[in-house]
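Single-letter residue listing:
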Amino acid sequence: MDVHGTVAEGFEPVRDAFVRNFATLGDRGAAVAVYRDGHKVVDLWGGTKDVDGTAPWERGTAQVVRSATKGVAAAVLLLLHQRGQLDLDAPVGHYWPEFKARGKERVLVRHVLNHRAGLPVLDRPLTPQEALDPLKGPEAVAAQAPAWEPGTDHGYHALTYGWLLDELVRRVTGQGTGPWLASQVTGPLGLDLWLGLPESEAGRVGRVGRVEGAEPTGGLRARPKRSVTEAYEDPASLTRRAFAAISPFPDQNDPAYRAAALPATNAVATADGLARFYATLIGDTADAARLFTPQTVELARAEESAGPDRVLVVGTRFGLGYMLHGSASPFLTPGSFGHPGRGGALGFADPETGIAFGYITNGFRKTVTADPRAQGLVRAVRGVLGV
């Protein structure tokens, strides 16, 4: 396997871990980027652009990052709050009157971000065609009754998160999340990161698909608990229903899917675009001033939800829009915040060490929150820093 790119002196163990991902963990094509204090210290890529192809992965190859999208989209609401345009403690219905139906009057904006809105499922799942319509998803969650009393417990809003967030952004700004992000953040910063892929960039994006690989021999449990397995297999469980809010799930290689903007699932990014996005949240970079004030960083990573997750079943921790470091999704240190993508991708920031991390792949495994390939890279960074 030819691995391309560079690592700064001292970060060679990250390259070694990246090579192991291809040798033992099933990676077909992937990239990883790491920034420290706004400067790039790891920039690696290798394998093939398409999971089922032979064309090489090149500098600038991008991939769908699935739920790593959520951490990117969350920044939009937090920036609107930072600018005084959105009150996190206001009812969602204050901005979106139609949302108040069926007992949702007390759902707050912060409940959308901390997965306490009680709306992870739809009684009638959307078709793929409906899901790509920017109006259908918000209409469906506005008409949905909560699965539990909003604010009293948490459960991962795997797909509905995106429609809730997107409509709030639209009501406040007049734009959907994708266009707002492009005009206010990713465009001005020159980030290779899109929520709604432009046709001009479509040729850079590889085909994704399922891969298998040997399980790691230490550090992470290779087999999920029986309760987790049963939850995913039970058609009536919140787990199964949350991930089936679109049914069947769209083809992630379909140009129409990539061109749409689903703020829970379908951002497209390079590893550098994802890592530099997080680097800019927490500090200045060579090209730009920081996006988040220190106060907003603390909002992102202050624990809002913790414990058994009604949807994921395992214990999870969330700040406002971001997963926090924990056993279900280990990041770098207890102060890290970010978001994994189901099957592989990972982006996060760690303010204490100044690290920002981005990993993307075209090979999706069965993992939900802690992919062994991403975790091997994170452990290598942790070892380099001695944290």
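1. Some words on helix α1 (residues 12-24)
If you check α1, its first and last C-alpha atoms are 19 Å apart, about what 13 residues at 1.5 Å a residue would give, namely 18 Å. For α1, the complete set of buried residues consists of V14, A17, F18, N21 and F22. Burial along α1 is one-sided: seen end-on, the buried residues are contained in an arc of 145 degrees. Contacts from the buried residues of α1 go to β1 (3-7), β2 (29-36), β3 (39-47), β13 (355-361) and α14 (372-385). A positive phi of about 85 degrees marks G26, the residue just after α1.

2. So, the layout of surface pockets
Gaps left between atoms show up when a probe the size of a water molecule is rolled over them. Its boundaries defined by the atoms lining it, the second largest pocket holds a volume of some 350 Å³. In terms of lining, the second largest pocket is formed by 17 residues, of which the most central are R66, F243, F249, Q252 and R342. Split into classes, the residues belonging to the lining of the second largest pocket amount to seven nonpolar, five polar and five charged.

3. Quick notes on the pattern of salt bridges
For the structure shown, the criterion picks out 23 salt bridges. Note that R170 and D166 form a salt bridge whose closest N and O atoms lie 3.2 Å from each other. Of this pair, R170 and D166 are both found in helix α7 (residues 160-173), four residues apart, which corresponds to roughly one turn of the helix. The partly exposed category is assigned to R170, whose relative accessible area is 22%. Overlapping salt bridges bring together K40, D43, R59, D272, R276 and D287 as one network.

4. Observations regarding the packing of aromatic side chains
Aromatic ring pairs: the centre-centre distance and the angle between the two ring planes describe each pair. A complete count under the given rule lists twelve aromatic pairs for this structure. Geometrically, the ring pair formed by Y278 and Y322 is edge-to-face, given 6.3 Å between the ring centres and 70 degrees between the ring planes. Placement of the pair is Y278 in helix α12 (residues 271-282) and Y322 in the loop between β9 (315-318) and β10 (323-324), with a sequence separation of 44 residues. The class for Y278 is buried, based on a relative accessible area of 0%. A residue is classified by how much of its surface remains accessible, and Y322, at 0% relative accessible area, is buried. Centroid distance F348 to F357: 5.1 Å. Interplanar angle 15 degrees. Geometry classified as stacked. Exposure class is identical for F348 and F357. Each is buried. Sitting over the ring of F364, R66 keeps its end group 4.2 Å from the ring centre. Of note, R342 hangs over the ring of F243, and the distance from its end group to the ring centre comes to 4.4 Å.

5. Section: the pairing of strand β8 (residues 305-308)
Where β8 and β9 come together, four bridges link them in antiparallel fashion. Within β9, the residue paired with S305 across the bridge is F318. Hairpin connection, β8 to β9: the antiparallel pair is bridged by six residues, and V313 has positive phi, about 75 degrees.

6. Digging into α12
For α12, built from twelve residues, the straight-helix expectation of 16 Å at 1.5 Å per residue is met to within 8% by its first-to-last C-alpha distance of 17 Å. Within α12, twelve of the twelve residues are buried, which leaves it mostly tucked inside the rest of the structure. Buried within α12 are the following residues: A271, D272, G273, L274, A275, R276, F277, Y278, A279, T280, L281 and I282.

7. Quick word on empty space enclosed by the protein
For the structure shown, the criterion picks out three cavities of 30 Å³ or more. A volume near 60 Å³ is recorded for the largest cavity. Lining the largest cavity we find 13 residues, and of these P340, A345, T369, A370 and D371 sit closest to its centre. Residues that form the lining of the largest cavity fall into these classes: six nonpolar, six polar and one charged.

8. Details of the packing of helix α6 (residues 136-143) against α7
Relative to each other, α6 and α7 sit at 100 degrees, their axes nearing to 9 Å. Comparing the axis directions of α6 and α7 gives the class roughly perpendicular. Between α6 and α7, the residues in contact are G137, P138 and V141 and T160, W163, L164 and E167, respectively. Residue classes in the contact of α6 with α7 are distributed as four nonpolar, two polar and one charged.

9. Focus: the environment of V14
Mapped onto the elements, V14 comes out in helix α1. For V14 and G383, which are 369 residues apart along the polypeptide, the C-alpha to C-alpha distance reads 9.2 Å.

Each value, and the rule that gives it
- Residues numbered from 1 in each chain as written.
- Predicted model: local features only at pLDDT ≥ 70, side-chain atom pairs only at ≥ 80, totals over all residues.
- Heavy atoms only, no water.
- Helix = DSSP H or I, 4+ residues; strand = E, 2+ residues; numbered from the N terminus.
- Expected span 1.5 Å × (residues − 1).
- Buried < 20%, exposed > 50% of the residue type's maximum accessible area, 1.4 Å probe, protein only.
- Arc of directions from axis to C-beta.
- Contact = heavy atoms within 4.5 Å.
- 1 Å grid on protein atoms, 1.4 Å probe; cavity = no way out; pocket = protein on both sides within 12 Å on 5 of 7 lines; lining within 4 Å.
- Points joined across faces, edges and corners; volume = space filled by probe spheres on them.
- Nonpolar A, V, L, I, M, F, W, Y, C, P; charged D, E, K, R; others polar.
- Salt bridge = Lys/Arg side-chain N within 4 Å of Asp/Glu carboxyl O.
- Phe/Tyr/Trp six-rings, centres within 6.5 Å; stacked < 30°, edge-to-face > 60°.
- Lys NZ or Arg CZ within 6 Å of the ring centre and 35° of its normal.
- Pairing = 2+ DSSP bridges.
- Axes fitted to C-alpha atoms, helices over the stretch in contact; angles between N-to-C directions.
- Parallel < 35°, antiparallel > 145°, perpendicular 65-115°, else oblique.

Geometric descriptors of this kind do not, in isolation, establish any biological role.
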